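Residue strings, one per chain:
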Amino acid sequence: MGLGRQIFKHTAIYSAATIVGKLASFLMLPFYAHIFQTKGYGVIGMIDASLGILTVLFTGGFQMAILRIYHEQEDHRKELALGTGVRLVWGLSALTVLLPILFSSPISRIVLGSAEYYPLVCLALVTFVIDVAGQSASTFLIIRQKSLLFSTVGLVRLFLGLSLNIWLVVILQVGLIGVFISSLVSAAVSTLIFHVVALRDHGFGFDRQIAGSLLRFQLPLLPGELVGFLGRQAERVLVRFLIGLEGMGVLEMAYKFAPLLNLLINIPFGRSWRTKSIEIAEQEDAPRVMGEMFTRYLFFMIFVGLVLAVVMQDILELMTPQSFWSAKRIAQVEIVTTILTGCTTFLSFGILYRKETKIFTYVKSVLTPIKIALAFTLISLWGLSGAAYSALIIEAATLVWIFHRSQGLYRIPLEYRRIGVMVGGAAIIFALLDGNRYEHFGPAVYAREYLLPGLTGFLQGTPLGEWKSGKLIHLFRMKEGLVVSLFFNMLASMMFLAVIPLLRGKKLLPGQHEVNNA
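Summarised in this report is the structure supplied together with it. Note that the structure is a prediction, hence the values are computed from the model and not measured. (Residues numbered from 1 in each chain as written. Predicted model: local features only at pLDDT ≥ 70, side-chain atom pairs only at ≥ 80, totals over all residues. Heavy atoms only, no water.)

## Describing the overall build of the protein
What the protein contains, in helices and strands, is 22 helices and zero strands. In the protein, which comprises 518 residues, the proportion classed as buried is 56%. Long-range pairs, those at least 24 residues apart, make up 84% of the contacts in the protein between residues at least 6 apart in sequence. Taken as a whole, the protein presents about 22800 Å² of accessible surface, with 66% of it coming from carbon and sulfur. (Helix = DSSP H or I, 4+ residues; strand = E, 2+ residues; numbered from the N terminus. Buried < 20%, exposed > 50% of the residue type's maximum accessible area, 1.4 Å probe, protein only. Contact = heavy atoms within 4.5 Å. Areas by Shrake-Rupley, 256 points an atom, 1.4 Å probe, with all protein chains shown as cover.)

Encoded structure:
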């Protein structure tokens with residue numbers, strides 16, 4: 001199997017599990033939106049934002065460090081790289097959360113305006129330690145390309161978390177704490193599975209020399225990541241104090257959609273591509289392969305982002321109360337920002353491969369103060385929209401700067417003409433479809449008058465029809481036009497698939513057997 005097909009086969013497996021899980025989560029969105037309202041979403045958003053500083057320290061960077069150091073080791077020492085990485089993450093993360101747990105009450109008072117939320121802060125911190133340890137143990141499955149097993153564990157976690165949320169939040173109505181309890185339990189189960197698999201295959205040996213290599217790779221990243229975290233979260237904090245928790249809730253709703261690009265495309269692709277890109281980097285044709293792979297990766301990012309942006313208004317009006325509808329434009333801008341972030345990650349390969357990670361620190365240290373000042377100015381002028389536009393501007397600058405520095409270390413020739421056609425086509429399609437309602441479009445009228453009544457009757461006979469004495473069915477009937485608009489907007493956005501012939505190029509690389517013997 002050629003490299004391109006191999007990468008996208010594993011990406012598809014990773015994504016399929018995520019799609020099923022996120023579909024189930026989105027079906028719950030109306031319940032959560034009506035139960036928690038904007039203030040509840042604001043509390044969840046602020047806790048996630050505050051916890052983000054710890055996530056920066058231990059997640060992506062440490063996993064990339066394990067991948068990079070693993071491929072440097074001789075065969076008989078590769079297992080030690082995995083075991084050492086897992087033990088380092090457990091120890092360092094547990095030490096890091098100790099003080100925040102002890103001071104959770106004042107932290108809750110400062111961040112959320114009330115000490116009553118301190119149990120949520122404690123639960124989130126414990127969940128964080130368990131989760132990052134599980135992610136480090138799962139690196140073994142990524143290296144071995146065991147995408148099916150990895151995705152199965154992910155599905156178990158998703159459905160366990162969803163079931164607990166339904167039971168605790170919807171049925172027992174325990175409130176916000178139910179969300180954090182379900183996250184803790186589901187994280188613990190998935191982490192246990194990852195550790196059992198990793199222990200069985202390679203053990204958890206520890207080597208001081210490898211630990212030093214991991215820390216030397218990771219430590220130069222930390223100052224930049226911490227500064228970058230301040231930049232990423234600046235708009236959340238500014239909205240919290242300039243507008244309030246309700247504004248934070250709207251912003252958090254807007255930010256719920258763009259991460260779908262990461263969950264469906266960026267993260268699954270990265271799991272398949274990162275380890276493989278390091279393996280092939282010294283091959284003669286590798287730069288061309290990476291350039292063509294970037295075009296294919298960008299196609300999927302733009303396609304999924306376009307569909308999300310086009311149907312954003314329909315989703316918000318269909319699934320949330322009116323107080324959340326102003327999140328539409330913010331969510332659309334954030335989708336573009338997320339695509340740029342994905343491009344930055346891909347095109348920073350040279351910096352990571354040459355271990356010049358201090359470049360990230362320098363770039364982020366320069367741009368983050370600019371972003372905070374820009375966010376404050378734009379939020380003061382434009383309200384919530386200013387938060388999204390400040391993030392977009394700074395991410396574009398980061399992409400240009402990182403790409404320029406990375407190309408100097410490992411040049412990847414990009415297919416600029418194909419990229420330009422994809423970007424231009426997506427922009428035109430979005431301009432044509434954004435806000436369309438299809439009120440007088442023949443097929444849409446037929447669907448509203450003849451097809452949806454049958455669907456409504458079917459739903460009445462399910463448990464959804466009994467929720468709150470039929471309230472959900474009543475809302476569905478009131479918004480039948482939005483269901484039709486959602487479907488036709490999604491269908492029309494498929495016009496972007498016309499650029500697929502542009503993606504045909506040379507065979508990326510020989511089959512796996514030939515790659516291994518190159």
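## Quick look at the environment of Met248
You can see Met248 is positioned in helix H10 (residues 245-254). Between the C-alpha atoms of Met248 and Gly42, which are 206 residues apart in sequence, the distance is 4.8 Å. Those residues within four positions of Met248 in sequence are excluded, and the remaining contacts are Gly42, Gly45, Met46, Arg236 and Val239.

## Examining unusual backbone geometry
In the Ramachandran plot, Gln173 falls in the positive-phi region, its phi being about 55 degrees despite a non-glycine side chain. Within the secondary structure, Gln173 sits in the loop between helix H6 (147-171) and helix H7 (176-202). Residue Lys355 is not a glycine yet carries a positive backbone phi of 60 degrees. Tracing the backbone through its elements, the reader meets Lys355 in the loop between helix H14 (349-353) and helix H15 (358-382).

## Some words on the packing of helix H5 (residues 118-143) against H6
Where H5 meets H6, the axes come as close as 10 Å, and the angle between the chain directions of the two elements is 155 degrees. When the axes of H5 and H6 are compared, the pair comes out roughly antiparallel. From H5, Asp131, Ser138, Leu141 and Ile142 reach across to H6, where they touch Leu149, Phe150 and Arg157. Class assignment for the residues of the contact of H5 with H6 results in four nonpolar, one polar and two charged. (Axes fitted to C-alpha atoms, helices over the stretch in contact; angles between N-to-C directions. Parallel < 35°, antiparallel > 145°, perpendicular 65-115°, else oblique. Nonpolar A, V, L, I, M, F, W, Y, C, P; charged D, E, K, R; others polar.)

## Side note on the packing of helix H12 (residues 286-319) against helix H13 (residues 328-347)
Between H12 and H13, the shortest axis-to-axis distance is 9 Å and the interhelical angle comes to 170 degrees. By the angle between their axes, H12 is roughly antiparallel relative to H13. A class-by-class count of the residues in the contact of H12 with H13 yields 17 nonpolar, five polar and one charged.

## Describing the packing of aromatic side chains
Per the stated rule, a full pass over the model turns up 21 aromatic pairs. Measuring from ring centre to ring centre gives 5.2 Å for Phe294 and Phe346, while their planes differ by 55 degrees; the resulting arrangement is tilted. Taken as a pair, Phe294 in helix H12 and Phe346 in helix H13 lie far apart in primary sequence, 52 residues in all. For Phe294, a relative accessible area of 3% gives the class buried. A relative accessible area of 7% means that Phe346 is categorised as buried. Centre to centre, the rings of Tyr353 and Tyr410 are 6.0 Å apart; their planes meet at 75 degrees, and the pair counts as edge-to-face. Highlighted residues: Tyr353 in helix H14 and Tyr410 in the loop between helix H16 (384-409) and helix H17 (416-433), separated in sequence by 57 residues. Members of the aromatic cluster, each reached through a chain of ring pairs, are Phe269, Trp273, Phe294, Tyr297 and Phe346. (Phe/Tyr/Trp six-rings, centres within 6.5 Å; stacked < 30°, edge-to-face > 60°.)

## Some remarks on the pattern of salt bridges
Inspection of the entire model under this criterion finds 11 salt bridges. Of the charged contacts, one joins Glu279 and Lys276 as a salt bridge, the two residues approaching to 3.1 Å between their closest N and O atoms. Taken as a pair, Glu279 and Lys276 lie in helix H11 (residues 259-280) at a separation of three residues, close to a single helical turn. Using a relative accessible area of 37% as the deciding quantity, one classes Glu279 as partly exposed. Given the relative accessible area of 4%, Lys276 is considered buried. The shortest N-O distance in the salt bridge between Glu292 and Arg288 comes to 3.0 Å. Residue Glu292 and its partner Arg288 are both found in helix H12; the two are separated by four residues, about one turn of the helix. Each member of the pair, Glu292 as well as Arg288, is classed as buried. When salt bridges that share partners are traced, they join Asp285, Arg288 and Glu292 into one network. (Salt bridge = Lys/Arg side-chain N within 4 Å of Asp/Glu carboxyl O.)

## What about the layout of surface pockets?
In this structure, the second largest pocket spans a volume of roughly 570 Å³. If you trace the second largest pocket, you find 24 residues lining it, with Ile302, Val336, Ile339, Val423 and Ala426 closest to the centre. Of all the elements in the fold, those that place two or more residues in the lining of the second largest pocket are H12, H13, H16 and H17. Residues that form the lining of the second largest pocket fall into these classes: 21 nonpolar, two polar and one charged. (1 Å grid on protein atoms, 1.4 Å probe; cavity = no way out; pocket = protein on both sides within 12 Å on 5 of 7 lines; lining within 4 Å. Points joined across faces, edges and corners; volume = space filled by probe spheres on them.)

## A word on the nonpolar core
Side chains of nonpolar character tend, in soluble globular proteins, to be buried together. Judged by nonpolar contacts, the single largest core of 139 residues is most densely connected at Phe294 and Phe496. Looking at this core element by element, the count peaks at 22 residues for H12. Excluding its chain neighbours within four sequence positions, the residues that come into contact with Phe496 are Phe299, Ile302, Phe303, Leu306, Met422, Ala426 and Ile429. (Core = buried A, V, L, I, M, F, W, Y, C linked by side-chain atoms within 4.5 Å.)

## Thoughts on a nonpolar patch on the surface
Judged by side-chain polarity, Trp167, Ile171, Leu172, Val174, Ile177, Ile181 and Val185 come together as a nonpolar surface patch covering roughly 570 Å² of accessible area. Elements with a contribution of two residues or more to the nonpolar patch: H6 and H7. For the nonpolar patch, the element with the highest residue contribution is H7, accounting for three residues. (Patch = residues over 30% accessible without salt bridge, like charges linked within 9 Å, V, L, I, M, F, W, Y side chains within 5 Å.)

## Some details on the side chain of Thr139
With respect to the secondary-structure elements, Thr139 resides in helix H5. Here the side chain of Thr139 touches Gln135 through a polar contact of 3.4 Å, landing on its backbone oxygen. Here Ser136 takes part through its backbone oxygen, which lies 2.9 Å from a polar atom of the side chain of Thr139. When sequence neighbours within four positions are dropped, the list of residues in contact with Thr139 reads Gln63, Ile66, Leu67 and Leu82. (Polar contact = N/O pair within 3.5 Å; in protein donor to acceptor, adjacent residues only side chain to side chain.)

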